[in-house]
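Now for the letters of each chain:
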Amino acid sequence: MTDRVVLALTGADRVDFLQGLVTNNVTGSDGNLVYAALLTPQGKYLSDFFIINEPDRILIDVAASHAAALLQRLTMYRLRANVQIAQTDIIASRGTGPEPDGALRDPRNAALGWRFYGDQDVSDQTDWDALHVAHLVPQTGVELHPESYILEAGFERLHGVDFRKGCFVGQEIVARMKHKTTLRKGLVRVTVDGTAQPGDEIASGERVAGTVHTVAGDQAMAYLRFDRASDLRTTGAQLTPHPGDIPESA
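Here's what I pulled together on the structure shown here. The structure presented is a predicted model; accordingly, all values stated were derived computationally and were not measured.

A word on the overall build of the protein
Here is step 1 of the chain: Counting secondary structure elements, the protein contains four helices and 14 strands.
Here is step 2 of the chain: The C-alpha radius of gyration of the protein comes to 19 Å, within 12% of the 18 Å expected for a compact globule of 250 residues.
Here is step 3 of the chain: Along the three orthogonal principal directions, the C-alpha set of the protein runs to about 55 × 40 × 25 Å.
Here is step 4 of the chain: By residue count, 50% of the 250 residues in the protein fall in the buried class.
Here is step 5 of the chain: Relative to all contacts within the protein whose residues are 6 or more apart in sequence, the contacts with residues 24 or more apart total 63%.

What follows is the structure, encoded as C-alpha cells:
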C-alpha cells in the first residue's frame, strides 16, 4: 500500500508529547492500533492517522499526501521535548482476508479488517471505496479536508476521539460541538439513481444541500445539511439518504 508513510517517534517524552496533541488516547494502547487526528487550534482537520505504541517508539501510519505536513507540524510542536521524529522504510499493508501474523485490527470498524507493518506490501484486493461508503468511513483528502470538523465526519462513531483524555489541540472546539451544539451537517450514505461524480453539488429544491464525495456503484458518501436532506439531486442523479443517517433532531 504505497500511499502510506510510517513515521517513528522516539525519545523519553514521546508519549506525553503526542498525548497532548492528538484527539485520541495514546497511553495504555500497547499492541493495538489507535485512530486519531491532529487538528488546528480552531478545531479543523489537519491529518488523520493510526498510532502504534511500541515499547521503544511510537509509529504513526499516515497518508503519503499528508506525511510531510504532519512531520513539519509535529516538529514545530516539539520545542524542547526529548522527542525525535523521522520517516521510516516500514510498509503499511491492509486487507480484509486472512491476516498475516502480527496484523492489527482496524479500530474504526470491524468490517475494515487488518493493517500490517513490515518490509513488503501484503495488501489484498479489497474494494476499499465500496467498503468505506458502506460503513460511512471518511477517507483522507476526500471526505476529510482542511474545512472538516471531525465530529461531522463521524470520528466519535469511528473511535477516533476520546473526550476523557484531557487537552489536545483544538479540544475546546470539539468539546463545544459535542456538548453544547447540535450537529447540522455531516456525512451521509445516499443511493444514487443516475450518474453522480465526486465533487458534484447536491441541491434540495432550489437550495444547495451538500456535496457528493466517494462513489461506489449506486452508493455514495455525501456531506449534507441535515435540514435539507430531502428531494436531493445533482445534475445527473436523484439521491436518497439511507435511513438512520440523518439525526432525528435535524
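There is more to say after this.
Re the sheet that holds strand β12 (residues 219-225)
Here is step 1 of the chain: Strands sit in the order β9-β12-β11-β10-β13-β14 around a closed barrel of six strands; the barrel is antiparallel.
Here is step 2 of the chain: Judged from the two bridges that link them, strand β13 (residues 232-233) and strand β14 (residues 237-241) form a sheet pairing that is antiparallel. Within β14, the residue paired with Leu232 across the bridge is Leu239.

Quick word on the pattern of salt bridges
Here is step 1 of the chain: Enumeration over the complete set of coordinates arrives at eleven salt bridges.
Here is step 2 of the chain: For Arg4, the salt bridge is made with Asp61, and the minimal N-O distance between the two is 2.7 Å. With a gap of 57 residues between them, Arg4 in strand β1 (residues 4-10) and Asp61 in strand β4 (residues 58-63) connect regions that are remote in the sequence. We note that Arg4, like Asp61, is buried.
Here is step 3 of the chain: A salt bridge links Asp106 to Arg108; its shortest N-O distance comes to 2.7 Å. The exposure classification of Asp106 matches that of Arg108, with both residues buried.
Here is step 4 of the chain: When salt bridges with common partners are traced through the structure, they connect Arg4, Asp61 and Arg115 into a single cluster.

About the thresholds
- Residues numbered from 1 in each chain as written.
- Predicted model: local features only at pLDDT ≥ 70, side-chain atom pairs only at ≥ 80, totals over all residues.
- Heavy atoms only, no water.
- Helix = DSSP H or I, 4+ residues; strand = E, 2+ residues; numbered from the N terminus.
- Rg over C-alpha atoms; globule rule 2.2 N^0.38 Å.
- Buried < 20%, exposed > 50% of the residue type's maximum accessible area, 1.4 Å probe, protein only.
- Contact = heavy atoms within 4.5 Å.
- Pairing = 2+ DSSP bridges.
- Salt bridge = Lys/Arg side-chain N within 4 Å of Asp/Glu carboxyl O.

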